[in-house]
Amino acid sequence: MDIEESKYTTLLDRIISLKESNKKLVIRGFGFEGEGFYKWLIDVVKFSSSNILIVDNKLSIEQLLAKDQSIVADNCYLGEETLDYLELIDQIEIVFKSPGIWSLSSEFENIRSLKGKDSVQGILAPFIELYGNQTIAVTGTKGKSTTCSYLMWLLKVALNDSNLSDLTKYSSALRIGNTVNISPYTYWKNLDKDYFSDTLFVLEVSSFQLQDLDIIYPKFLISLITNYYIDHQNLHNSPKEYWASKDVIFKFSETNNIFCTETVCQHTLAIDKIDKRSVIDENEINLIKSYLYNPQQGRHFDVDLTLAFYALLTVLGISLERNNIEQFLIQNSEKINATNKDFKNLEHRLELVASTTIGNTKLYFIDDGASTVPISTKWALENCLSKYEFTILLLGG
């Protein structure tokens, strides 16, 4: 890309423009997202490592250098010295933060007050700004990862079927994000903005990530919202503030491409943004369940599968009238069900980890460690009580 002709209208353009300046770029948090972003800056953008500051609370310099030898040790601010990088604020152009760090912390709010609102960005922002309109975003309190897994399974079936793949411009689908530890920058090998022209992305987005993206105001192809419950109160000021952070997603999708559940309607502050036809109800859940075999048993899993299925139909351009949905299921449920063995149950989500027999009693050990709110524990108990003769719950730890 010719820097002289760039209008710097995107974050990518802005990053490229920094190559010709002495300004610093900060990577705040060097987990897999930060590491993937750093490697992309060095290998693809050809950014100078001397102009990248790495700031991380947990890693040592030895651990950083083991990840990448091009890292400049003097540019790293670690442990108790983490916030010392702010002494260079006059040299810093932009801070890219990891998803797990609260966007509204005093550290970032102070930077914004000095450098402007757009001086702090989420690490995914340069990617989402360009490819959000090819991204299916999934958020909510519980069920996000499961919904993404269902969606990837359904997309694989559709994109490998000639009759269905002809209905969409996309030829491949990639799952990205911190829950699968796959950075989109791993795939971004070329700065041509049409590099991913036929690729669809499936991304699980947290409340923090949505707050980050509110700065660039992207547009997602489809948004799925699983539910709203009380969670993460150690990271948010109140349930309403937590739900409001999730509500940001309504800004990023067309109303007819947002699908959610009734619990979202009960708690959202953006009820006017919801098309009632996009709210998954019991009749729709039962319809999908009557045709598709769910690899994971439980009512909450049926809800997640229904959301994923509606996203699939939208990608394929099939309107969501009940007659159309049922006709699609009649024609395609057999081929989908034949591949349910390809669906991989997620770890710590009603995961069968062992079984044994004591006398005449068969014992099953189920790991549901990802459950963090009472409602998901209730779901797990209902599931186990419906499948097994008796259930022993080990809670805590």
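Notes on the structure in this doc start here. Nothing here was measured: the structure is a model prediction, and the numbers come from that model. (Residues numbered from 1 in each chain as written. Predicted model: local features only at pLDDT ≥ 70, side-chain atom pairs only at ≥ 80, totals over all residues. Heavy atoms only, no water.)

1. Quick notes on the pairing of strand S2 (residues 52–56)
- Among the five residues of S2, five are classified as buried, and the element is accordingly described as predominantly covered.
- Where strand S1 (residues 24–28) lies against S2, four bridges are found, and the strand directions are parallel. Following the sheet pairing, Arg28 is matched in S2 by Val55.
- For the handedness criterion, the β-α-β arrangement of S1, helix H2 (residues 32–43) and S2 is classed as right-handed.
- Judged from the three bridges that link them, S2 and strand S3 (residues 76–78) form a sheet pairing that is parallel. (Buried < 20%, exposed > 50% of the residue type's maximum accessible area, 1.4 Å probe, protein only. Helix = DSSP H or I, 4+ residues; strand = E, 2+ residues; numbered from the N terminus. Pairing = 2+ DSSP bridges. Right-handed = clockwise from strand over helix to strand, strands pointing away.)

2. Thoughts on the sheet that holds S2
- Pairing in this open sheet of five strands is parallel, and the strands run S3-S2-S1-S4-S5 from one edge to the other. The sheet is open, and its two edges are formed by S3 and strand S5 (120–122), each paired on a single side. Between one strand and the next, the sheet's axes are offset by a mean angle of 20°, whatever the strand orientation.
- Examined bridge by bridge, S1 and strand S4 (residues 92–97) share five bridges and lie parallel to one another. Along S4, the bridge assignment pairs Arg28 with Lys97.
- This element, helix H4 (residues 106–115), spans S1, S4 and S5 of the sheet and lies at about 150° to S4. (Axes fitted to C-alpha atoms, helices over the stretch in contact; angles between N-to-C directions. Contact = heavy atoms within 4.5 Å.)

3. Examining the layout of surface pockets
- Of the voids in this model, the largest pocket is the one considered here, and its volume is about 1000 Å³.
- Lining the largest pocket are 49 residues, and of these Thr141, Lys142, Gly143, Lys144 and Ser145 lie nearest its centre.
- Among the elements that line the lining of the largest pocket, the one with the most residues is helix H12 (residues 299–315), at five residues.
- The class makeup of the residues in the lining of the largest pocket is 15 nonpolar, 20 polar and 14 charged. (1 Å grid on protein atoms, 1.4 Å probe; cavity = no way out; pocket = protein on both sides within 12 Å on 5 of 7 lines; lining within 4 Å. Points joined across faces, edges and corners; volume = space filled by probe spheres on them. Nonpolar A, V, L, I, M, F, W, Y, C, P; charged D, E, K, R; others polar.)

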